[in-house]
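Structure assessment
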Amino acid sequence: MSKIVIIGGLSAGPSAAAKARREDENAEIILFEKGANISYATCGMPYAFSGVIENRSNLIVVKPELLQNRFNIDVRLNEEIIKIDTENKIVFSDKGDYNYDKLVFATGAKSVVPPIKNIEKATNWSTCRSMVDFDKITKEGLASTAKHITVIGAGLIGVEVAENLREVGKEVTLIEGDKQILNMWQQKFGNFAETILKDKGIEVITSGLVSEFELDDNWKINGVKIRDGKTVKTDFVILSVGIKPNTDLLIENGAAHIGNGALIVNELMETSLKDVYAAGDNVAVKNIQTNNYDYFPLGTHSNKEGRAAGANAVGGAISFKGAYKTAIVKVFDYTLARTGLNPTALNKLEIPFKTVLTVAGATPSYYPGQKDLITEIYYHTETNEILGAELFGEYGVDKRVDVLSTAIYAKLKITDLSQLDLAYAPPYSPAKDPVVVTGFVAENILNNTSEQISVEEMAVKLENNEVSNYLLIDARTADEFKKGTIPSAVNLPLDEIRNHIDFIKSQQKPIIIFCQKGLRGYLAELILRHNNMENIVNVAGGFKLWQMFSENIEIPETVAVK
């Protein structure tokens with residue numbers, strides 16, 4: 001009878017224990033957890049702050065009794081493993097020592113606590129990763145006496161915490177040291193989310209490095225000091241600035257790891273140490289796009305990794321091939337999602353790529369409540385293989401990012417998207433799904449019937465005063481134009497543009513054209529190309545995206561060319 005020791009009871013550990021038992025009824029399985037709870041949903045904590053998740057008990061996914069009674073697992077709560085001897089296969093706690101045949105190391109990660117002055121003295125702050133953290137935030141941060149809460153760190157958890165605190169009426173300041181929030185995404189997508197947070201009353205500070213906590217006579221934080229001199233008055237602070245893998249016990253034994261300490265494992269979840277498996281937020285697995293080891297601390301991966309480790313510890317051969325950074329976050333009524341490699345990563349890896357962006361309805365225009373969906377896809381310049389995508393909208397974002405994630409795994413090309421057989425019914429999707437529309441637009445670009453310019457590139461041209469070298473055409477109606485346009489644009493509405501062919505040709509300039517979302521600009525672009533004009537680009541996402549991206553908007557004096 002084999003003896004399996006599992007260290008860690010949050011996500012990967014219980015998953016490994018249950019799978020090991022399903023594969024081997026006779027194995028002796030012991031699970032150690034240093035805390036009082038196992039298998040709780042850290043990702044659900046922000047939503048419990050606002051009452052979306054009504055009870056603390058709902059955060060407990062699996063109770064110890066279930067593992068004990070249904071799966072015959074020996075669960076040891078409040079027992080921390082403090083030393084491991086991998087050569088002699090022994091783990092040590094303050095209560096005893098235990099032999100093992102196979103070890104599953106699922107210790108997860110701990111919150112990073114930055115070296116902020118006075119943090120060791122202050123009492124009214126917490127990280128947001130454990131049930132202990134949750135209880136402290138609930139007791140102190142959500143108390144009626146705490147009117148203002150400062151959240152430091154604007155990654156996934158930080159943004160979710162800020163949103164849910166605001167939902168229960170707290171005044172909230174969100175501080176991020178980087179130049180943008182949600183820096184997994186390109187800056188414009190981070191800026192879209194920032195605008196939503198600000199519109200909902202959250203103060204957002206970027207490039208804000210916190211240097212000091214100002215304390216009152218009772219060691220309570222009453223001010224958060226930023227290095228630029230600004231001080232945010234506050235009643236409670238929540239830290240969400242990152243995590244560090246809990247791997248010291250195995251690194252001391254010589255386990256291979258990447259720079260942040262995450263353990264290197266193969267597809268079978270084996271570490272470099274004999275008979276030692278690892279899974280969860282303490283491991284580095286292959287990025288299946290780059291073939292390099294990368295860090296993916298998400299519950300989706302922890303469960304799959306734990307399942308594989310548990311099965312393999314009792315003689316199985318389940319593989320977990322890796323991941324490629326699919327992520328999604330709710331920002332009030334909006335959703336931001338991503339998958340694969342974005343331009344920041346692609347440029348760093350020196351992978352040649354092209355970008356296509358569309359703004360399309362997530363449901364048909366005739367169906368009530370249509371919402372736009374912004375989809376940007378990155379694909380290989382030479383092979384046309386889809387490399388990554390980022391999306392933003394109010395409806396249907398989750399569906400489309402999962403389609404594109406699947407496309408990446410299957411190594412589909414951008415030209416394959418228009419051939420997908422996606423579900424269609426008015427409440428869910430238009431006849432031409434946004435993913436398919438983006439494929440159509442990419443095909444037009446590849447066929448040289450259209451060319452896009454990004455809002456980022458457009459902003460650079462305006463900033464460098466290069467726009468005077470172009471004829472900038474606003475193809476929207478006169479009524480749309482007079483409410484605001486991109487500076488230096490001349491209004492030539494799509495339905496009238498054929499009347500201005502001679503004027504356009506007389507300018508003898510390259511042409512930049514735009515409409516509200518992109519379609520009318522594309523149609524105008526085709527008309528000009530059919531009239532033997534070249535060197536034309538269409539602003540991707542049109543004026544809608546420009547408004548979301550830039551404050552550089554001009555109210556024109558002249559409505560249209562006569």
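Quick look at the structure, then. (Residues numbered from 1 in each chain as written. Predicted model: local features only at pLDDT ≥ 70, side-chain atom pairs only at ≥ 80, totals over all residues. Heavy atoms only, no water.)

Overview of the nonpolar core
Counting 62 residues, the largest nonpolar core has Val159, Leu182, Leu197 and Met458 as the members making the most contacts within it. By size, the runner-up hydrophobic cluster in this structure holds 49 residues, among which are Ile38, Ala278, Phe296 and Ala323. (Core = buried A, V, L, I, M, F, W, Y, C linked by side-chain atoms within 4.5 Å. Buried < 20%, exposed > 50% of the residue type's maximum accessible area, 1.4 Å probe, protein only.)

Points about the layout of surface pockets
Its boundaries defined by the atoms lining it, the second largest pocket holds a volume of some 880 Å³. In this structure, the second largest pocket is lined by 36 residues; those nearest its centre are Glu33, Lys34, Thr107, Ala109 and Asn246. Elements with a contribution of two residues or more to the lining of the second largest pocket: strand 4 (81–85), strand 8 (109–111), helix 4 (131–141), strand 17 (243–245) and helix 7 (248–251). Element by element, the count of residues in the lining of the second largest pocket is highest for helix 4, at four residues. Residues that form the lining of the second largest pocket fall into these classes: 14 nonpolar, 11 polar and 11 charged. (1 Å grid on protein atoms, 1.4 Å probe; cavity = no way out; pocket = protein on both sides within 12 Å on 5 of 7 lines; lining within 4 Å. Points joined across faces, edges and corners; volume = space filled by probe spheres on them. Helix = DSSP H or I, 4+ residues; strand = E, 2+ residues; numbered from the N terminus. Nonpolar A, V, L, I, M, F, W, Y, C, P; charged D, E, K, R; others polar.)

A look at the pairing of strand 10 (residues 148–152)
With respect to burial, strand 10 is a largely interior element, five of its five residues being buried. Burial along strand 10 is two-sided: His148, Thr150 and Ile152 facing one way and Ile149 and Val151 facing the other are all buried. Pairing geometry for strand 10 and strand 11 (residues 171–175), over five bridges, is parallel. Among the inter-strand pairings, Val151 is bridged to a residue of strand 11, identified as Leu174. Where the polypeptide runs from strand 10 across helix 5 (residues 156–167) and back to strand 11, its parallel neighbour, the crossover connection is right-handed. The pairing of strand 10 with strand 16 (residues 236–239) spans four bridges and is classified as parallel. Within strand 16, the residue paired with Val151 across the bridge is Ile238. (Pairing = 2+ DSSP bridges. Right-handed = clockwise from strand over helix to strand, strands pointing away.)

What to know about the sheet that holds strand 5 (residues 90–93)
Across the sheet, which stays open at both edges, the three strands sit in the order 4-5-6 with antiparallel pairing between neighbours. Two strands close off the open sheet at either side, each with one partner strand: strand 4 and strand 6 (96–99). Between one strand and the next, the sheet's axes are offset by a mean angle of 20 degrees, whatever the strand orientation. Sheet analysis places strand 4 next to strand 5, joined by four bridges and oriented antiparallel. Bridge pairing links Asp85 to Ile90 in strand 5. (Axes fitted to C-alpha atoms, helices over the stretch in contact; angles between N-to-C directions.)

Things to note about the packing of helix 1 (residues 12–23) against helix 8 (residues 299–313)
Two numbers describe how helix 1 lies on helix 8: the axes approach to 7 Å, and their chain directions differ by 40 degrees. Regarding helix 1 and helix 8, the two cross each other, and that crossing is right-handed. For the pair formed by helix 1 and helix 8, the contact residues are Ala12, Ser15, Ala16, Lys19, Ala20 and Glu23 on the first element and Ser302, Asn303, Gly306, Arg307, Gly310 and Ala311 on the second. Taken together, the residues that form the contact of helix 1 with helix 8 break down as four nonpolar, five polar and three charged. (Left-handed = near helix turned anticlockwise from the far one by under 90°. Contact = heavy atoms within 4.5 Å.)

Considering unusual backbone geometry
We note that Asn465 has phi near 60 degrees; this positive angle belongs to a residue other than glycine. Examined against the element boundaries, Asn465 turns out to sit in the loop between helix 12 (455–463) and strand 28 (471–474). We note that Gln508 has phi near 50 degrees; this positive angle belongs to a residue other than glycine. Relative to the helices and strands, Gln508 resides in the loop between helix 14 (501–507) and strand 30 (511–514). Owing to a relative accessible area of 74%, Gln508 belongs among the exposed residues under this scheme.

Regarding a nonpolar patch on the surface
Where nonpolar side chains cluster on the molecular surface, the patch consists of Tyr366, Tyr367 and Tyr424 and spans about 350 Å² of accessible area. In this structure, Tyr424 sits in the loop between helix 10 (397–409) and helix 11 (434–446). (Patch = residues over 30% accessible without salt bridge, like charges linked within 9 Å, V, L, I, M, F, W, Y side chains within 5 Å. Areas by Shrake-Rupley, 256 points an atom, 1.4 Å probe, with all protein chains shown as cover. Salt bridge = Lys/Arg side-chain N within 4 Å of Asp/Glu carboxyl O.)

Structural notes on the packing of aromatic side chains
Considering all chains together, one arrives at seven aromatic pairs under this definition. In this structure an aromatic cluster arises from ring pairing among Phe189, Phe192, Tyr334 and Phe392. The ring of Tyr293 is capped by Lys286, whose NZ or CZ atom sits 5.3 Å from the centre of that ring. (Phe/Tyr/Trp six-rings, centres within 6.5 Å; stacked < 30°, edge-to-face > 60°. Lys NZ or Arg CZ within 6 Å of the ring centre and 35° of its normal.)

Points about helix 16 (residues 542–549)
For helix 16, every residue scored as buried is listed here: Gly542, Phe543, Leu545 and Trp546. Here the buried residues of helix 16 occupy an arc of 160 degrees about the axis, which is enough to place them on one side. Of the surrounding secondary structure, the elements contacted by the buried residues of helix 16 are helix 6 (187–199), strand 24 (353–361), strand 25 (372–380), helix 12, strand 30 and strand 31 (536–539). (Arc of directions from axis to C-beta.)

Quick notes on the state of the cysteines
By the definition in use, this model includes zero disulfides. There is no disulfide at Cys128, and the cysteine sulfur nearest it, in Cys43, is 9.8 Å away. (Disulfide = S-S within 2.5 Å.)

Details of the environment of Trp125
If you trace the backbone, Trp125 turns up in strand 9 (residues 125–127). The class of Trp125 is buried, set by a relative accessible area of 17%. Spatially, the C-alpha atoms of Trp125 and Ser240 are 11 Å apart, while their sequence positions differ by 115 residues. If we skip the residues at most four places from it in the chain, Trp125 touches Val113, Ile119, Lys136, Ile221, Phe236, Val237 and Leu239. In this structure the side chain of Trp125 is engaged in a polar contact, spanning 3.3 Å, whose partner is the backbone oxygen of Ala122. (Polar contact = N/O pair within 3.5 Å; in protein donor to acceptor, adjacent residues only side chain to side chain.)

Quick word on the side chain of Thr127
As for its position among the elements, Thr127 is in strand 9. A polar atom in the side chain of Thr127 sits 2.8 Å from the side chain of Asp133.

Some remarks on the sheet that holds strand 28
Consider a sheet: its strands pair through backbone hydrogen bonds, and that pairing is either parallel or antiparallel. Strand order in the open sheet formed by five strands is 27-31-30-28-29, with parallel pairing between adjacent strands. Of all strands in the sheet, those with a lone pairing partner are strand 27 (452–453) and strand 29 (490–491), marking the two edges. Pairing between strand 27 and strand 31: two bridges, direction parallel. The residue of strand 31 that forms the bridge with Gln452 is Asn538.

Description of helix 10
Along an α-helix, a turn takes 3.6 residues, which lines up residues three or four apart on a common side. The end-to-end C-alpha distance of helix 10, which contains 13 residues, comes to 18 Å, matching closely the 18 Å that a straight helix rising 1.5 Å per residue would cover. Of all the positions in helix 10, only Val397, Arg400, Val401, Val403, Leu404, Ser405, Ala407 and Ile408 are classed as buried. Check the buried side of helix 10 and you find it contacts strand 23 (334–340), strand 25, strand 26 (386–393) and helix 11. Directly beyond the C-terminal end of helix 10, a positive phi value near 60 degrees is found at Lys411. (Expected span 1.5 Å × (residues − 1).)

Overview of the pattern of salt bridges
Taken as a whole and judged by the stated rule, the model has 24 salt bridges. A salt bridge links Glu456 to Lys188; its shortest N-O distance comes to 2.7 Å. A residue pair is termed long-range when its members are at least 10 positions apart, and Glu456 in helix 12 and Lys188 in helix 6 qualify at 268 residues. Given a relative accessible area of 3%, Lys188 falls into the buried group. With a shortest N-O distance of 4.0 Å, Asp333 and Lys200 are connected by a salt bridge. Of this pair, Asp333 sits in the loop between strand 22 (327–331) and strand 23 while Lys200 sits in the loop between helix 6 and strand 12 (203–205); the two residues are 133 residues apart in sequence, bridging distant segments of the chain.

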